[in-house]
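The chain contents come next:
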Amino acid sequence: KNQVEQSPQSLIILEGKNCTLQCNYTVSPFSNLRWYKQDTGRGPVSLTIMTFSENTKSNGRYTATLDADTKQSSLHITASQLSDSASYICVVSARYGGATNKLIFGTGTLLAVQP
Amino acid sequence: EPEVTQTPSHQVTQMGQEVILRCVPISNHLYFYWYRQILGQKVEFLVSFYNNEISEKSEIFDDQFSVERPDGSNFTLKIRSTKLEDSAMYFCASSETNRGLNTEAFFGQGTRLTVV
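All values derive from a computational prediction rather than experimental measurement.

Conventions adopted
- Residues numbered from 1 in each chain as written.
- Chains lettered and ligands numbered in written order.
- Predicted model: local features only at pLDDT ≥ 70, side-chain atom pairs only at ≥ 80, totals over all residues.
- Heavy atoms only, no water.
- Helix = DSSP H or I, 4+ residues; strand = E, 2+ residues; numbered from the N terminus.
- Rg over C-alpha atoms; globule rule 2.2 N^0.38 Å.
- Buried < 20%, exposed > 50% of the residue type's maximum accessible area, 1.4 Å probe, protein only.
- Contact = heavy atoms within 4.5 Å.
- Areas by Shrake-Rupley, 256 points an atom, 1.4 Å probe, with all protein chains shown as cover.
- Lys, Arg positive; Asp, Glu negative; His and termini not counted.
- Charge placed at Lys NZ, Arg CZ, Asp CG, Glu CD.
- Core = buried A, V, L, I, M, F, W, Y, C linked by side-chain atoms within 4.5 Å.
- Disulfide = S-S within 2.5 Å.
- pLDDT = per-residue confidence, 0-100.
- Pairing = 2+ DSSP bridges.
- Axes fitted to C-alpha atoms, helices over the stretch in contact; angles between N-to-C directions.

A few points about the overall build of chain A
The secondary structure content of chain A amounts to zero helices and 11 strands. Taken over the C-alpha trace, chain A has a radius of gyration of 14 Å; the compact-globule value for 115 residues is 13 Å, and the two agree within 12%. Principal-axis analysis of the C-alpha atoms gives chain A an extent of 50 × 30 × 20 Å. For chain A, with 115 residues in total, the buried portion stands at 48%. In chain A, once contacts between residues fewer than 6 apart in sequence are set aside, the share between residues at least 24 apart is 55%. Per element, the accessible surface of chain A, about 5200 Å² overall, is 50% carbon and sulfur. The distance from the centre of the 10 positive side-chain charges to the centre of the 7 negative ones in chain A is 7 Å.

Regarding the nonpolar core
By size, the foremost hydrophobic cluster in this structure holds 26 residues, and its most contacted members are Val-4, Tyr-25, Leu-33, Trp-35, Leu-75 and Tyr-88 of chain A. For this core, the element with the highest residue contribution is strand 9 (residues 86-96) of chain A, accounting for five residues. Cys-23, Trp-34, Phe-49 and Leu-113 of chain B belong to the second-largest nonpolar core, a separate cluster that totals 21 residues.

Focus: the state of the cysteines
All names here are of chain A. Evaluated as defined, the whole model comprises two disulfides over all chains. Paired through a disulfide, Cys-23 and Cys-90 show a sulfur-sulfur distance of 2.0 Å. Taking the sign of the torsion about the S-S bond as the criterion, the disulfide between Cys-23 and Cys-90, at about -65°, is left-handed. Here Cys-90 lies in strand 9 and Cys-23 lies in strand 3 (residues 19-26), a separation of 67 residues in the sequence. Among the residues examined, Cys-23 registers a relative accessible area of 0% and is labelled buried. For the unlinked cysteine Cys-19, the closest cysteine sulfur is that of Cys-90, found at 15 Å.

A word on the confidence of the model for chain A
Taken over all residues, the pLDDT of chain A has a mean of 91, while the share at 70 or more is 95%. The weakest mean pLDDT in chain A belongs to strand 10 (residues 99-105) of chain A at 70; the strongest belongs to strand 8 (residues 72-77) of chain A at 98.

Let's talk about the pairing of strand 8 (residues 75-79) of chain B
When a strand is regular, its side chains alternate between the sheet's two faces. Residue and element names in this part refer to chain B. A large share of strand 8 lies buried, amounting to four of its five residues. Two elements, strand 3 (residues 19-24) and strand 8, share five bridges in a ladder whose sense is antiparallel. Its bridge partner being in strand 8, Arg-22 is matched across the sheet by Thr-76. Pairing analysis gives four bridges linking strand 7 (residues 65-68) to strand 8, with the strands arranged antiparallel. Residue pairing for strand 8: Val-67 is matched across the bridge by Leu-77.

Quick look at the sheet that holds strand 8 of chain A
Residues and elements named next belong to chain A. Pairing is antiparallel in the open sheet, where five strands are placed in the order 1-3-8-7-6. What marks the edges here is a single partner per strand, and that holds for strand 1 (3-7) and strand 6 (56-59). The sheet shows a mean angle of 15° between the axes of neighbouring strands, direction not considered.

Put into structure tokens, the structure is as follows:
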């Protein structure tokens, strides 16, 4: 069964600190992996997309890694800001008959950045 | 910056009533999707739509649900005979394509449906 698991479920850090969120997936056939940020009551916003051949991708203070062999990904947030408080969702896209974009969502990590 | 817009932002309906959730995808996008998120749970795929027909749907998307692109801009999700368990945030998304390496889906802000 296609699944995306994330850890931790929630995390509290102090402003300015770094943190790393984890994602494990069992999705096949794999197309790409995305990290989304979802503010409370809002739609998910894409942070990064990585394909099978990419190991790391950065978007400002966000750096995502992907190990396609172990089916693991991480999202590292550097120098956290209060506005980083949100749910961070790992999303894996499965490929069906050449078409992608059936997105399989993880349950998310709820990050709270405190002053 | 182009964005996916959804209306209404919040809909309250009585059990058994029909509701239509509306979405305006990004104008040059060809693929459209509906997802839902029950409070406290993860986002779940409902349906994808291309070239005026459903290309894929999940087990959740049964005969109670239907989608339509009635004109060149709107994409709607109709829920017939709503049930309490249909209460959720419904997200519309669109993408330029669905093949290739960077088929990014852009999400709307969601419609919160409350069935009472």
